[in-house]
Amino acid sequence: MAMIELREVSKLFGPAAQQAARLVQEGWTKERLAKEKQLVLAVNRVNLHIEEGEIFVIMGLSGSGKSTLVRMFNRLIEPTSGDIVVRGRSVTGMNGKELRELRRKTVGMVFQKFALLPHRTVLSNVEFGLEIQGVPKKERATKAEQALQLVGLDGWSDKMPDELSGGMQQRVGLARALANDPDVLLMDEAFSALDPLIRRSMQDELLELQLNMKKTIVFITHDLDEALRLGDKIALMRDGAVVQVGTPEEIMMQPANEYVERFVEEADLSKVLTAEHIMRRPETIGLDRGPRVALQLMRERGISNLFVVDRSQTLLGVISADDASEAVRTNRSLADIVNREAPSVSPQTLLNDLFEICSSSRFPVAVVNERSRLVGVIVRGAVLGALAGQIPQKGAMADVSESTS
């Protein structure tokens, strides 16, 4: 079951909007509604399926409807039509009491503006939502301290908001939302008011937090790089409608239409493509073979390195042609010459993080899975080739027909 589902959700602003909802279902355009009915179509028949534990990014330019959409998740803005379902329960059908309970316990929100109370301490700001709920003082202080610790602000409880930097104030806003331990966290342009360096730091912290929290996060942004960096899935909006939903890779590599293509054409591929996209089939040898066999294999395959694996394909290291030749001359075994410090990365490592690794190593970079099994190899030229658009189809790993040195 999805954590959140949106079914044909629309929002009209203007006179008799509720009565005009059927016109949206009939396919009236934004322009026609504005001209003939003086209505603004802010959100147009949106369908979304958001899985538990994922960071789902909704992005688009200013006026695309993304902030209106997210505010309908907890009915800060009332939908004109359609249904919003959270954990199997219809939000649109909730009465006042049920809705308040949803906002207190299930869905937390972090806004672009920090909205901290200037006369309260950091701890008191984080406690505020719990205080409104009537949580006992000792319990809410404990929960607030735990939330501050999560966002790296333990030790700052007694400070006032004006003593904190912008990034720290945003952390307090995040801690306040986390103190309730909600299942869903809505973040509306939460980092856009921060300067670029602090913004990058907050993105890093959110990703690190998510490793432990496993919350369902709906993140609103107009910044493509931010969406690509944070999102497990991305929904791109235009004029109130969702024009494409997909993984960052799908949005970048398989744009649904010309608008999406234009939107992503300036994006940095190194922040989307991973080692898995550019790795090649590894050439391997077992430790039970000798250096003469290794040299023969390298000559036959036109390569200058071999990866050493055990019977279960667990990576043990790498040997070079020079090392194998020296072993033959000095009558040494393969185990004596294997380099066990060769670099390795996971299949999910971004190209952006591969540049330095590839440039500083005299060996190709091994790609290993979570069980340390060798699944691929990356040569230096593959990284640059990928950025130039020479990307093997995913799942059809390229053969190593060139030197892997």
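Cut-offs used in this document
Residues numbered from 1 in each chain as written. Predicted model: local features only at pLDDT ≥ 70, side-chain atom pairs only at ≥ 80, totals over all residues. Heavy atoms only, no water. Pairing = 2+ DSSP bridges. Helix = DSSP H or I, 4+ residues; strand = E, 2+ residues; numbered from the N terminus. Axes fitted to C-alpha atoms, helices over the stretch in contact; angles between N-to-C directions. Buried < 20%, exposed > 50% of the residue type's maximum accessible area, 1.4 Å probe, protein only. Contact = heavy atoms within 4.5 Å. Polar contact = N/O pair within 3.5 Å; in protein donor to acceptor, adjacent residues only side chain to side chain. Arc of directions from axis to C-beta. Right-handed = clockwise from strand over helix to strand, strands pointing away. UniProt positions renumbered as here; feature names shortened; annotations may be inferred. Salt bridge = Lys/Arg side-chain N within 4 Å of Asp/Glu carboxyl O. Core = buried A, V, L, I, M, F, W, Y, C linked by side-chain atoms within 4.5 Å. Expected span 1.5 Å × (residues − 1).

So, the sheet that holds strand β6 (residues 107-110)
In spatial order, the strands read β6-β7-β8-β3-β9-β10; together these six strands make up an open sheet with mixed pairing. For this open sheet the edge positions go to β6 and β10 (241-246), each flanked by a neighbour on one side alone. Across the sheet, the mean angle separating the axes of adjacent strands is 20 degrees when strand polarity is ignored. Two elements, strand β3 (residues 55-59) and strand β8 (residues 216-221), share five bridges in a ladder whose sense is parallel.

Here's the deal with the side chain of Q203
Structurally, the position occupied by Q203 is in helix α8 (residues 196-213). We classify Q203 as buried; its relative accessible area is 6%. Non-local contacts of Q203, meaning those with residues more than four positions away in its chain, are made with F191, E226, R229 and L230.

A short note on the environment of E8
Within the fold, E8 resides in strand β1 (residues 4-13). Since its relative accessible area comes to 31%, E8 is described here as partly exposed. Leaving out residues up to four positions away in the same chain, E8 has contacts with Q25, R45, V46, N47, S81 and G82. Within the structure, the side chain of E8 is placed 2.8 Å from the side chain of N47, a separation counted as a polar contact.

Observations concerning helix α4 (residues 96-106)
Turning to α4, its buried residues are L99, L102 and T106. End-on, the buried residues of α4 take up no more than an arc of 80 degrees, which puts them together on one face. Contacts made by the buried residues of α4 are with β4 (81-86), β6 and β7 (184-188). Its side-chain oxygen placed 3.2 Å from the backbone nitrogen of K97, N95 serves as the N-cap of α4.

With respect to the pairing of β7
Judged by how many residues are buried, β7 sits mostly within the fold: five of five residues are covered. Every second residue of β7 is oriented toward a common face, with V184, L186 and D188 on one face and L185 and M187 on the other, all of them buried. Where β6 meets β7, four bridges bridge the pair, whose relative direction is parallel. The residue of β7 that forms the bridge with V110 is M187. Of the strand pairs in this sheet, β7 and β8 are connected by five bridges, and their pairing is parallel. Paired with L185 across the strands is I217, a residue of β8. Each parallel crossover has a hand, and the one from β7 via α8 to β8 is right-handed.

Here's the deal with the UniProt feature "domain: CBS" (unreviewed entry) in the protein
UniProt records the feature "domain: CBS" (unreviewed entry) at residues 278-334, using the numbering of this structure. Taken end to end, residues 278-334 is 40% helix and 25% strand, and its first and last C-alpha atoms sit 29 Å apart.

Description of the pattern of salt bridges
All chains considered together, the criterion is met by 22 salt bridges. Across the salt bridge formed by R75 and E78, the nearest N and O atoms sit 3.0 Å from each other. Owing to a relative accessible area of 37%, E78 belongs among the partly exposed residues under this scheme.

Focus on the nonpolar core
With 63 residues, the main nonpolar core has M187 and I378 as its most contacted residues. Considering each element in turn, this core owes the most residues, six residues, to helix α7 (residues 166-178). In this structure, M187 is in contact with V110, L174, L206, I217, V218, F219 and I220, ignoring residues within four places of it in sequence. In this structure, L48, V70, V86 and V218 belong to the second largest nonpolar core, which totals 30 residues.

Some thoughts on α8
Between its first and last C-alpha atoms α8 spans 25 Å; for 18 residues at 1.5 Å apiece the expected length is 26 Å, and the two agree. Lining the buried residues of α8 we find β3, α6 (137-150), α7, β7, β8 and α9 (224-230). The first or second residue beyond α8 is K214, which carries a positive phi of 55 degrees.

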